[in-house]
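# Geometric and topological summary
So you can see what is in the structure, the chains are spelled out below.
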Amino acid sequence: MKRWILIGMVVASGMTIQAQNKLPEKFPYQDTSLTAEERADDLLKRLTLEEKASLMMNGSPAIPRLSIKAYGWWNEALHGLARTGLATVFPQAIGMGASFDDSLLYEVFTAVSDEARAKSRRLDSKGNLTRYQALTVWTPNVNIFRDPRWGRGQETYGEDPYLTSRLGVAVVNGLQGPDTARYNKLHACAKHYAVHSGPEWNRHSFNAENISPRDLWETYLPAFEALVTQADVEAVMGAYNRTNEEPCCAHSYLMEEVLRDKWHFEGHYVSDCWAIRDFHEGHHVTAFPEDSAALALEKGCDLNCGCTYEYILQAYKQGKVTEEEIRRSAERLFTTRYLLGLFDHSSLDEIPYNVVGCKEHRELAYQAAVESCVLLKNDGTLPLSLKDNKRMAVIGPNADSHAALVGNYNGTPPRSITVVEGITRICEDTGWDVNYAEGCLLYDDPSVRKVFQNYRIPEAVALAESCDLAIVCVGLDSTLEGEQGDVGNAFASGDKPDLLLPKIQRDLVEQVIATGTPVILIDLAGSPIDLSAYEDQVPAILHAWYPGGEGGRAIADILFGKVSPGGKLPLTFYYNDGPLPDITDYHMTGRTYRYFEGRPWKPFGFGLTYGELQITEAKVTEVDYTKEIPSAQITIHCQNPTDRDLSDVIQVYVHVNGSSNEVPNHKLAAFERIRLDAGESKEFRITIPPMAFTTVDNSGNRVFDGTSATLYLGFSQPDLTEEDQKIYTGNRGQVFAVTL
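Scope of this entry: the structure provided in the associated data block. Note that the coordinates shown come from a computational prediction; the quantities given were computed from them, not determined experimentally.

A few words now on the sheet that holds strand 25 (residues 733-739). Pairing within the open sheet is antiparallel, and its four strands lie in the order 18-17-22-25. Only two strands of the sheet have a single neighbouring strand rather than two, namely strand 18 (667-676) and strand 25. Strand-to-strand, the axes of this sheet are offset by a mean angle of 15 degrees, without reference to chain direction.

For helix 5 (residues 102-124), which comprises 23 residues, the first-to-last C-alpha distance of 32 Å matches the rise-based estimate of 33 Å (1.5 Å per residue) to within 8%. For helix 5, the side-chain oxygen to backbone nitrogen distance between the N-cap and Ser103 is 3.3 Å, and the N-cap itself is Asp101.

Looking now at the sheet that holds strand 3 (residues 189-193). Pairing is parallel in the open sheet, where three strands are placed in the order 3-5-8. Each of the sheet's edge strands pairs with one partner strand only, and the pair in question is strand 3 and strand 8 (268-271). Averaged over all pairs of adjacent strands, the angle between their axes in this sheet comes to 25 degrees, without regard to strand direction. The sheet contact formed by strand 3 and strand 5 (residues 235-238) spans three bridges and is parallel. When the bridges of strand 5 are listed, Tyr193 appears paired with Gly238. Most of the contacts of helix 8 (residues 222-229) go to strand 3, to which it runs at about 155 degrees, and overall it touches strand 3 and strand 5.

So, on to the nonpolar core. Counting residues in hydrophobic clusters, the biggest one holds 137 residues, and the most contacted among them are Trp138, Tyr193, Tyr309 and Ile688. For this core, the element with the highest residue contribution is helix 6 (residues 161-176), accounting for eight residues. With residues near it in sequence (within four places) discarded, Tyr309 still touches Met56, Met57, Ile276, Ala293, Ala296, Leu297, Cys301, Asp302, Leu303 and Asn304. One finds Phe145, Ile395, Leu463 and Leu501 within the second-largest nonpolar core, a separate group that totals 41 residues.

This brings us to empty space enclosed by the protein. Summed over all chains, the structure comprises three cavities of 30 Å³ or more. Looking at the second largest cavity, its volume works out to about 40 Å³. Here the lining of the second largest cavity is built from residues that sort into five nonpolar, four polar and one charged.

Approximately 900 Å³ is the volume attributed to the largest pocket. In terms of lining, the largest pocket is formed by 32 residues, of which the most central are Pro603, Gln717, Pro718, Asp719 and Leu720. Listed by contribution, the elements that provide at least two residues to the lining of the largest pocket are strand 9 (374-378) and strand 23 (719-720).

Most of strand 13 (residues 519-524) sits inside the fold, with six of its six residues counted as buried. The two faces of strand 13 match: Val519, Leu521 and Asp523 on one face and Ile520, Ile522 and Leu524 on the other face are all buried. Sheet analysis places strand 12 (residues 469-475) next to strand 13, joined by six bridges and oriented parallel. What sits directly across from Val472, in strand 13, is Leu521.

So, about the pattern of salt bridges. Any two side chains of opposite charge can pair, on the condition that their charged atoms come close. By the definition in use, this model includes 41 salt bridges. The partner of Asp102 in a salt bridge is Arg166, and the shortest N-O contact between them spans 2.9 Å. Here Arg166 lies in helix 6 and Asp102 lies in helix 5, a separation of 64 residues in the sequence. On the accessibility criterion, Asp102 (21% relative accessible area) is partly exposed. The partly exposed category is assigned to Arg166, whose relative accessible area is 23%. When the shortest N-O distance is used, the salt bridge between Lys568 and Asp648 registers 2.9 Å.

Cut-off values and rules
Residues numbered from 1 in each chain as written. Predicted model: local features only at pLDDT ≥ 70, side-chain atom pairs only at ≥ 80, totals over all residues. Heavy atoms only, no water. Pairing = 2+ DSSP bridges. Helix = DSSP H or I, 4+ residues; strand = E, 2+ residues; numbered from the N terminus. Axes fitted to C-alpha atoms, helices over the stretch in contact; angles between N-to-C directions. Expected span 1.5 Å × (residues − 1). Polar contact = N/O pair within 3.5 Å; in protein donor to acceptor, adjacent residues only side chain to side chain. Contact = heavy atoms within 4.5 Å. Core = buried A, V, L, I, M, F, W, Y, C linked by side-chain atoms within 4.5 Å. Buried < 20%, exposed > 50% of the residue type's maximum accessible area, 1.4 Å probe, protein only. 1 Å grid on protein atoms, 1.4 Å probe; cavity = no way out; pocket = protein on both sides within 12 Å on 5 of 7 lines; lining within 4 Å. Points joined across faces, edges and corners; volume = space filled by probe spheres on them. Nonpolar A, V, L, I, M, F, W, Y, C, P; charged D, E, K, R; others polar. Salt bridge = Lys/Arg side-chain N within 4 Å of Asp/Glu carboxyl O.

This is how it looks when you write it as structure tokens:
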């Protein structure tokens, strides 16, 4: 017994390294029968203050005397594992938002967590886990895509708080695994908390100012609340900017009053990368790095992605940081590592490496791409027939672009099928003759001499003139929209100046249309592009987002009718010449379908299919007044009168009447993706949650203050008549009144 105590004392004192491989399996921090919190508490007792402080950095060093390996916390999994080589690349997040399918996202991120476990275990067996190898993934991004020019909007699930909440919860559940499991598969991170959606160019000094309590609780916080209270997300990342003057990585109200006290968040808080340095260099709320580190730690930022926590010990010596504050954060971080089983062996370590990019995951990526593509126009030209004998031109800078498949924060897909490759494959051994011309560069690049650009459009025009049909693939990629570049981010681009295609692409489209050859426009972009100028000149328009590694196959199958496009717009597509508030203005007035007073080019929730499902009967079957706040259940009978299997999204919108707090229009209250075989009829039941019948008052309180509610049930938002009446045409939806 004395020998065990002696060894423990020697090891804890740090006087020798000789016993590091002889540690007995009896210390509490090594006891797998204890909780993660108990093990972390014991381990912290054996660490020096200096060691605790060092473990609060993104690159946590090894502590050999306690057999603690180095750990790089930073990993990304926005739409598949990112920046770590081979991985299944699913559609960009905004594309998966267009699926309106939380079950699909749960499957997708279960696959992502399998791949992360398989890769991490293989890398861990060879040593310490460094950046982009960890089991802590900094996703999902549940910020609200309030302005269509924001470069990072592609990383979100759209403009609606309810849609973002539902999909974000599914992502976290898929990544972290079942609550009943002994260990979490991965740890997800809700980011960027909170009130963060551009501009990119000044994010390190920007203050989102005068955010009203109503906007905060009605728009900017619901998704974060859902991920914390419903999905038990392990981590929350603070944003770069200030919100109402306080930096988001040291915010008294957001971090202490809301996150910890109101929502009872028990996980760890991480800064965005180098955001704490911004305190003294960008925001000037502190003077020195020691002050910045002290402020962030005091407010509860446990992990610093960056360099400022290198000054923690100096701040401690200056009396600006307490030992208890250091211990609190270090304990949260070690609890995280124990919850992941990083110090133990589990069945999760047995997930084989061959799941990475496997056939099953590629098929899931294909399904996600099909469900994400949004058909914006179709005069009946689509789907094309493989039985035809025609000559086709596939034209445009995104026709053969691999970059336009993957967006940003991406991995390397095991195979990457571009649009022209997908079309060429499906047309093999048919009567279609497929031809390709680039047409133009993505934008007018001054670094490329004009002599090497000028031939491209004439070549494409000549090809189109010789063909029966032209597929013109335009859009953007992550060089034109994305994250602002800085020392922590080499993947730079930023916000868009407008909602139009780059001029060189507009020239291409206009000249190809002028040939008289029918043109199908395919737009690959992570944000709205106003193509309304061409709507009356082309038979079909498909918005494909950044569709992932299997995107070209999915698009080709949609064009030729092997599958029907399944996407719905997760944000409003405005006209470019319409008035948009300044991107720095965070007030919700005039923004998103809930507040916009004009008529957009294409509304939130819009998306065509190859045939129409019909709602033959719908009725409110139950209203439950639990706790005096009602929830409702709607029973819906749907039929598929076509000879094609179809999938569509039932959408329920609510407007609370008799309340001065209600949004001007209506708000998404429930949705469900349904599938019906050709000729099939089926009954569905959709529950409208209590929150749908509440409003948010000017103090930020969610209240039940209405007298009645109007429910809009259909496969889109209701249509607007010239008199601004909200109706559904045909059998595409119904309107109900509910007394509250």
